[in-house]
Amino acid sequence: DLVRSRGLGDVYKRQAEGFTRLARELGIDQQSKVVVYDGKYDATRIWWAFFYYGKTDVRVLDGGLQAWKEAGYPTELLASAPSRKGNFTAVVTHPGLRAETADIKALQQGSTAQLWDARAGKEFTGEEQLKGASRAGRIPGARHCDWSILKKEGNSAEWLSAAEVKKVIADFGYDRNKEQFFYCQSGVRSTQPIFALYLLGWPVEKLHNYDSSWIGWSRDGALPIEAGKPN
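Residues numbered from 1 in each chain as written. Predicted model: local features only at pLDDT ≥ 70, side-chain atom pairs only at ≥ 80, totals over all residues. Heavy atoms only, no water.

S.K.: Explain helix α2 (residues 43-52) to me, and be specific about the residues and the numbers.
M.R.: Two residues of an α-helix separated by three or four positions point the same way, owing to the 3.6 residues in each turn. For α2, a buried count of eight out of ten residues is recorded, marking the element as mostly surrounded by other parts of the structure. For α2, the complete set of buried residues consists of Ala43, Thr44, Trp47, Trp48, Ala49, Phe50, Phe51 and Tyr52. Immediately beyond the C-terminal end of α2, within one or two residues, lies Gly54, with a positive phi of roughly 105 degrees. (Buried < 20%, exposed > 50% of the residue type's maximum accessible area, 1.4 Å probe, protein only. Helix = DSSP H or I, 4+ residues; strand = E, 2+ residues; numbered from the N terminus.)

S.K.: I'd like to hear about the pairing of strand β8 (residues 179-183), residue by residue, with values.
M.R.: Across the five residues that make up β8, a large majority, four, are buried. Here five bridges tie strand β4 (residues 113-117) to β8, and the two strands are oriented parallel to one another. Its bridge partner being in β8, Ala113 is matched across the sheet by Glu179. Once the chain exits β8 it traverses helix α7 (residues 191-199) before rejoining the sheet at strand β9 (residues 207-210), and the crossover so formed is right-handed. (Pairing = 2+ DSSP bridges. Right-handed = clockwise from strand over helix to strand, strands pointing away.)

S.K.: With reference to specific residues and values, describe a nonpolar patch on the surface.
M.R.: Together, Tyr37, Leu65, Trp68 and Tyr73 give the surface a local cluster of nonpolar side chains, amounting to about 410 Å² of exposed area. Considering the arrangement of structural elements, one finds Tyr37 in the loop between β1 (34-36) and α2. (Patch = residues over 30% accessible without salt bridge, like charges linked within 9 Å, V, L, I, M, F, W, Y side chains within 5 Å. Areas by Shrake-Rupley, 256 points an atom, 1.4 Å probe, with all protein chains shown as cover. Salt bridge = Lys/Arg side-chain N within 4 Å of Asp/Glu carboxyl O.)

S.K.: Talk me through the pairing of β9; I want residue IDs and the actual numbers.
M.R.: Every second residue of β9 is oriented toward a common face, with Leu207 and Asn209 on one face and His208 and Tyr210 on the other, all of them buried. Sheet topology places strand β3 (residues 98-99) next to β9; two bridges connect them, and they run parallel. Each bridged residue has a counterpart across the sheet, and for Ala99 the counterpart in β9 is Tyr210. Looking at chain direction, β8 and β9 are connected through three bridges and run parallel. Bridge pairing links Gln180 to Leu207 in β9.

S.K.: Summarise the sheet that holds β4; cite the residues concerned and give the values.
M.R.: Here five strands make up an open sheet; going across it, the order is β3-β9-β8-β4-β5 and the pairing parallel. Where the open sheet ends on each side, the last strands, each with one partner, are β3 and β5 (143-144). Along the sheet, α7 makes contact with β8 and β9, crossing β9 at roughly 170 degrees. (Contact = heavy atoms within 4.5 Å. Axes fitted to C-alpha atoms, helices over the stretch in contact; angles between N-to-C directions.)

S.K.: So what's going on with the side chain of His208? Residues and values would help.
M.R.: Note on placement: His208 falls in strand β9. Residues within four places of His208 in sequence aside, it is in contact with Gly96, Leu97, Ala99, Glu179, Gln180, Phe181, Phe182 and Ile194.

S.K.: Can you explain the pattern of salt bridges? Please cite residues and give values.
M.R.: As enumerated under the stated definition, the model contains ten salt bridges in all. Residues Lys167 and Asp171 are paired through a salt bridge, measuring 2.8 Å at the closest nitrogen-oxygen approach. Residue Lys167 and its partner Asp171 are both found in helix α6 (residues 162-172); the two are separated by four residues, about one turn of the helix. Using a relative accessible area of 55% as the deciding quantity, one classes Asp171 as exposed. Within this structure, Arg45, Arg98, Glu100 and Asp211 form a network of salt bridges that share partners.

S.K.: Just give me the short version of α7, but keep the residues and values in it.
M.R.: Judged by how many residues are buried, α7 sits mostly within the fold: seven of nine residues are covered. Turning to α7, its buried residues number three or more, namely Thr191, Gln192, Pro193, Ile194, Phe195, Ala196 and Leu197. Backbone geometry just after α7 places Gly201 at a positive phi near 95 degrees.

S.K.: An account of the packing of aromatic side chains is requested, with residue identities and associated values reported.
M.R.: Per the stated rule, a full pass over the model turns up 17 aromatic pairs. Ring geometry for Trp47 versus Phe51: centroids 5.5 Å apart, planes at 55 degrees, classification tilted. With Trp47 and Phe51 both in helix α2 and four residues apart, the pair spans about one turn of that helix. Given the relative accessible area of 4%, Phe51 is considered buried. Between Tyr174 and Phe182, the aromatic rings sit 6.3 Å apart at their centres with planes inclined by 25 degrees, giving stacked as the arrangement. Each member of the pair, Tyr174 as well as Phe182, carries the same accessibility label: buried. Through pairs of rings, three or more aromatic residues link up here, namely Phe19, Trp48, Phe50, Tyr52, Tyr53 and Phe88. Over the ring of Phe124 we find Arg138, and its NZ or CZ is 4.5 Å from the ring centre. Positioned above the aromatic ring of Trp159, the side-chain terminus of Lys151 is 4.4 Å from the ring centre. (Phe/Tyr/Trp six-rings, centres within 6.5 Å; stacked < 30°, edge-to-face > 60°. Lys NZ or Arg CZ within 6 Å of the ring centre and 35° of its normal.)

Here it is in structure tokens:
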């Protein structure tokens, strides 16, 4: 375990250095207020990465690019280059936001944690296998909560109201007293429910994104899977 921990520490250090370079090239400073947007679900992955590396003043534009255009605001074909490099330094500040395969294997579900599959229904049942995965199905014990159920119809980047999100998570049986683990295909869609719970005031220490997600789990033939509709 000690060797493994040292190895992971080296990986995270290299990843932090890479994220630092990227942020600085975009002109982001330690004190910058960052706003991210998308056309579907990628913005929360960027929010998650910034939060993980210590920058918490990051906002997600509700409605994304579609809402921006519909409001009549201007757009550009090419982004403007920053006038200078930023000084932001990425440091792993909230390590619990990121879960590894070992963490998922060690889960004691039911009494202490809930594991959520944020993919589409056919991915959850194993009827559909996306590119990158080696097997179809789901992690045993996972419960299904499609990321898109938190969004409004007609614009997958626009969120439901806080009251509507509260109803969704209550209907699905989210337990605030338990650790919450999420996965999808590659750790992107799974940041959608994490972001929603964070906005509702759930403690970030209990919100965990399985970064390797289904791609990582499915590629290890020694790990168990389930398929079909749950009993």
